[in-house]
Amino acid sequence: MPINGGIGLARTYKILYKSHMSPLKPVEFLGSSLDDFRAFPPSAKREAGHQIDQVQNGLDPDDWKPMNTVGQGVREIRVRDSAGAFRVVYVAKFADAVYVIHCFQKRTEKTSKADIDLASKRYRDLLQELSK
């Protein structure tokens, strides 16, 4: 009997092979997020870059949380470093790219209203641009 509810072994192999060989999603940095990312200390930048790479490969970052206050499907990568806490706010639910919405160093326990407002505006602008 074929496995996977009627899909034969050869077809299952092709599906699995294709999923592992799919090209990386490109990363698009919105607003000043690329400059802000580049301002991270080297070790935090390296770790955040690794986490973004995981997202490009369809995986979850090691440490993340949803940012529903910014928008549906928006997530925050959390990086802790000897220099402090750093955040990368992104959305990966669109097929064409991973969009990095905002990058910042977190200086208080709660994310500042200014950071949330900026990320929300960029997300709304992205939705408007994608709907054209």
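Report follows, based on the coordinates. In this numbering scheme, every chain counts its residues from 1 along its sequence in written order. In keeping with the model being predicted, local features are shown solely for residues with a pLDDT of at least 70 and side-chain atom pairs are shown and tallied solely at 80 or more, while totals for entire chains, interfaces and linings include all residues. Hydrogens and waters are ignored; side-chain quantities use all the structure's heavy atoms.

With respect to the pattern of salt bridges
Then, number 1: By definition here, a salt bridge exists when the distance from a side-chain nitrogen of Lys or Arg to a carboxyl oxygen of Asp or Glu is within 4 Å. A complete count under the given rule lists 7 salt bridges for this structure.
Then, number 2: Here Asp-63 ties to Arg-80 by a salt bridge, and the two come within 2.5 Å at their closest N and O atoms. On the criterion of sequence distance, the pair formed by Asp-63 in the loop between helix 3 (42-56) and strand 2 (64-66) and Arg-80 in strand 3 (residues 74-81) is long-range, its members being 17 residues apart.
Then, number 3: Relative accessibility under 20% of the residue-type maximum defines a buried residue, over 50% an exposed one, and the middle range a partly exposed one, all with a 1.4 Å probe and only protein chains included. In this structure Asp-63 comes out as partly exposed when scored by relative accessible area, which is 22%. Put simply, DSSP H or I for four residues or longer makes a helix, DSSP E for two residues or longer makes a strand, and each gets a number counted from the N terminus.

Quick word on helix 3
Note: α-helices contain 3.6 residues per turn, so residues at a spacing of three or four share the same orientation.
Then, number 1: Under the convention used throughout, the expected extent of a helix is 1.5 Å for every residue step, that is, one less than its residue count. Spanning 15 residues, helix 3 covers 21 Å between terminal C-alpha atoms, matching the ideal 21 Å at 1.5 Å per step.
Then, number 2: Residues of helix 3 that are buried include every one of Ala-44, Ala-48, Gln-51, Ile-52, Gln-54, Val-55 and Gln-56, and no others.
Then, number 3: Positive phi shows up at Gly-58, right after helix 3, with a value of about 85°.

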